[in-house]
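# Descriptive structure summary
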Amino acid sequence: MLQEESDLALIIAQIVQKLKGSTLYAQLERQAWASLQRPEIKLESLKEDIKEFFKISGWEKKLQNAVYSELNVFPLPSHPAAPPEHLKEPLVYMRKAQGSWEKRILKSLNSMCTELSIPLARKRPVGEQKELLNKWNEMGTDEPDLSLFRPVYAPKDFLEVLINLRNPNYENGDSHSFRTHLGLIQVPLKVKDIPELKEFFVELGLTAGQLGIDDSTQVPPELFENEHVRIGQKVLSEQDSAAAQQYIRQGSPTALRAELWALILNTSSQPEVLLCFSRDTSVLGHFAYNSASPPKSYIRGKLGLEEYAVFYPPNGVIPFHGFSMYVAPLCFLYHEPSKLYQIFREMYVRFFFRLHSISSHPSGIVSLCLLFETLLQTYLPQLFYHLREIGAQPLRISFKWMVRAFSGYLATDQLLLLWDRILGYNSLEILAVLAAAVFAFRAVNLMEVTSLAAAEAVLADLSTLKVMPLLQIFLFATVT
Amino acid sequence: MSRVSVPCHVKGTVALQVGDVRTSQGRPGVLVIDVTFPSVAPFELQEIMFKNYYTAFLTIRVRQHTSTHTPAKWVTCLRDYCLMPDPHSEEGAQEYVSLFKHQMLCDMGKVLELRLILRQPSPLWLSFTVEELQIYQQGPKSPSMTFPKWLSHPVPCEQPAPLLEVSPHPG
């Protein structure tokens, strides 16, 4: 019991520390000072009266939402002796692999710049500055000539790195025994099996209503949809982050989605200066719990001197081919650039960064790949074996879906229903489950193909798929 | 609560195996590490801290100083403490762990020697151990802090009293 109490005290201390630096703290302080003018605040009972005032005015709710947000994002407090790199990633060999991968990307970026004689960062010449100011509002329509630039890397390259990940302390025998994994991923991370997934995703079960299933035209809206919308409106009026996250597990009505996502991600209502993502240095904060590290560059001639080191790009994130697919679906929800940007940035530092860095986190891409392969092997062993035999390892096809969180592969309304659940369960595991469910759905066709190309063709078009029925059938209605 | 590190001598790991070590095919699943305290009098153990490396279960035995002249006996103070929930997978494999006096099965008042028995039943790992082992005894008590009453119940006056920030300290 003592251990739990001290753990709780440590968590509280860490959250208080984190929130002290936020705008909310300054706002609460201001509000507290201003409230002293109010007649109901008495000096004898100052603490209780101010607390009551915060409750009535809604500021307590804002604080609750901020604390809930921190709990979702920040990893559990680690052992006091654990160094910061342990917090980013506890397994040493994964840290090393991420480090090597980063070096490779940087080398590629630097050599491309040398080839094209373009410096990574330089101050814009005066003439260009003037031109930019004139065209500020039409930035989106004016594109520089990008034809000479290659993408820094493609998801395929990243997959090769993941396939070659090895734990030096693991029995990686050449001969096939019970020790070798039949899939492409060869690291023994813990992944959930179907009984555990059923428990985790309990709200997606057959007895609960779902948007994406129970709002189809054949189902009378009185059965589920109307009540669900009403509850959604109530959640929004209460401005309760935790309730919104629970609610959205059953899907969000289209009209309420933009507000619900903003509430769950706890974005501020203040209009922020629109910052281009790559220049937003506040993104650097997420590297505390990301196994990746921001690439450092040195001012010319000062290599190795820390005072002359800069992070490049300023936000520390090197995008890859297809990176913009994380943003595209959000454009359907948010029309105001600053809101759109805030939501994207929050989604990135909470979820999407895990899709392109090497870590042992349950929502990291390595775990997702292993979860996908394990689900397929366990519940569709014939299909898995057949695809392996014809040289079509299933992960080679599904990797690109997962790494982009299915953006660009599903119809937009279906994608948004999927991303509702990512927010609701605060986990990316649903991507692996959906990938396995898609294979299960097309299993009959896949059993008849005889090459990787043919398998790719069967799975090329996902635009007609309905995600919620697929997930429900795979998790809850398949005989295991 | 402050704590003081106790200098200890960690003897080499001994593998427990049935049969001839040279000819047997499998890897040992049980290792024993003896920890002695050569230059320290029998002390009260406060905390054991280490970094795990693929050990699944930990048992600790302790030999304590007795006031009578009977030879000190080995007593189990921690039995099969689970470090890895699934011995075949990575969870918990490289974590930092602290074990406290209150988690022990017996009183740890006069510790002479410790024996750590490490178990890893899974054949998937090439080796396992615990690293960076540190033993702590209780340090001098920190000066007690009493807060003046006026901090929580401000008396009516012209200006509101400043609210002192007290952050909870971990046990």
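Please read all numbers here as calculations on a predicted model, not as lab measurements. (Residues numbered from 1 in each chain as written. Chains lettered and ligands numbered in written order. Predicted model: local features only at pLDDT ≥ 70, side-chain atom pairs only at ≥ 80, totals over all residues. Heavy atoms only, no water.)

As a further point, take the overall build of chain A. Summing up its helical and strand segments, chain A has 21 helices and 2 strands in all. Considering chain A as a whole, with its 480 residues, one finds that 46% of them fall into the buried category. Look at the contacts in chain A between residues 6 or more apart in sequence, and 72% of them connect residues 24 or more apart. With an accessible surface of roughly 24800 Å², chain A has 57% of that area assigned to carbon and sulfur atoms. (Helix = DSSP H or I, 4+ residues; strand = E, 2+ residues; numbered from the N terminus. Buried < 20%, exposed > 50% of the residue type's maximum accessible area, 1.4 Å probe, protein only. Contact = heavy atoms within 4.5 Å. Areas by Shrake-Rupley, 256 points an atom, 1.4 Å probe, with all protein chains shown as cover.)

For the rest of this paragraph, the subject is the state of the cysteines. Residue and element names in this part refer to chain B. Under the criterion given, the structure shown has 0 disulfides over all chains. With no disulfide of its own, C82 has C77 as its nearest cysteine by sulfur position, at a separation of 17 Å. Cysteine C106 is unpaired, with the sulfur of C77 as its nearest cysteine sulfur at 5.2 Å. (Disulfide = S-S within 2.5 Å.)

On to the side chain of A:Q414. Looking at the secondary structure, you find A:Q414 in helix α17 (residues 412-425). When sequence neighbours within four positions are dropped, the list of residues in contact with A:Q414 reads A:L465, A:K466, A:V467 and A:M468.

Residues and elements named next belong to chain A. Helix α16 (residues 394-403) sits mainly inside the fold: 8 of its 10 residues count as buried. Lining the buried residues of α16 we find α8 (155-163), α14 (365-379), α15 (381-389), α18 (429-441) and α20 (452-458). Two residues or fewer after α16 comes A405, characterised by a positive phi angle close to 55°.

In many reports, interface size means the accessible area that the parts give up when they come together. Residue and element names in this part refer to chain A. Per the domain assignment, the segments of chain A are domain 1 (1-79) and domain 2 (88-123 + 151-169 + 178-479). Relative placement of domain 1 and domain 2: their C-alpha centres are 32 Å apart. Counting from both sides, the interface comprises 10 residues of domain 1 and, opposite them, 13 residues of domain 2. With both sides pooled, the region where domain 1 packs onto domain 2 buries about 1000 Å², and carbon together with sulfur makes up 47% of that total. Contact with domain 2 buries surface across domain 1, with N65, Y68 and V73 losing the most and accounting together for 47% of the total. (Domains from an automatic or database assignment. Buried area = accessible area lost by both parts, 1.4 Å probe.)

What follows is about the packing of aromatic side chains. Any aromatic ring pair is given by two values, namely how distant the centres are and how the planes are angled relative to each other. Scanning the entire structure with this criterion turns up 19 aromatic pairs over all chains. Centroid distance A:Y170 to B:W125: 5.4 Å. Interplanar angle 65°. Geometry classified as edge-to-face. Residue A:Y170 is located in the loop between α8 and α9 (194-200), and its partner B:W125 is located in the loop between β9 (111-119) and β10 (129-138); the two belong to separate chains. Taking 5.3 Å as the distance between ring centres and 65° as the angle between the ring planes, the aromatic pair formed by A:F372 and A:F439 counts as edge-to-face. On the criterion of sequence distance, the pair formed by A:F372 in helix α14 and A:F439 in helix α18 is long-range, its members being 67 residues apart. For the pair A:F372 and A:F439, one class covers both residues: buried. Taken together through their ring pairs, the aromatic side chains of A:W101, A:Y153, A:F158 and A:F399 make up a single cluster. It is A:K62 that lies over the ring of A:W59; its NZ or CZ is 4.6 Å from the centre. Lying over the aromatic face of B:W74, B:R115 brings its terminal NZ or CZ to 4.4 Å of the ring centre. (Phe/Tyr/Trp six-rings, centres within 6.5 Å; stacked < 30°, edge-to-face > 60°. Lys NZ or Arg CZ within 6 Å of the ring centre and 35° of its normal.)

On to the packing of α17(A) against α18(A), then. All names here are of chain A. Where α17 meets α18, the closest approach of the two axes is 9 Å, and the angle between their N-to-C directions is 140°. When the axes of α17 and α18 are compared, the pair comes out oblique. Note on element contacts: α18 touches α17 through I430, L431 and L434, opposite L418, R421 and I422. Its residues assigned to classes, the contact of α17 with α18 shows 5 nonpolar, no polar and 1 charged. (Axes fitted to C-alpha atoms, helices over the stretch in contact; angles between N-to-C directions. Parallel < 35°, antiparallel > 145°, perpendicular 65-115°, else oblique. Nonpolar A, V, L, I, M, F, W, Y, C, P; charged D, E, K, R; others polar.)

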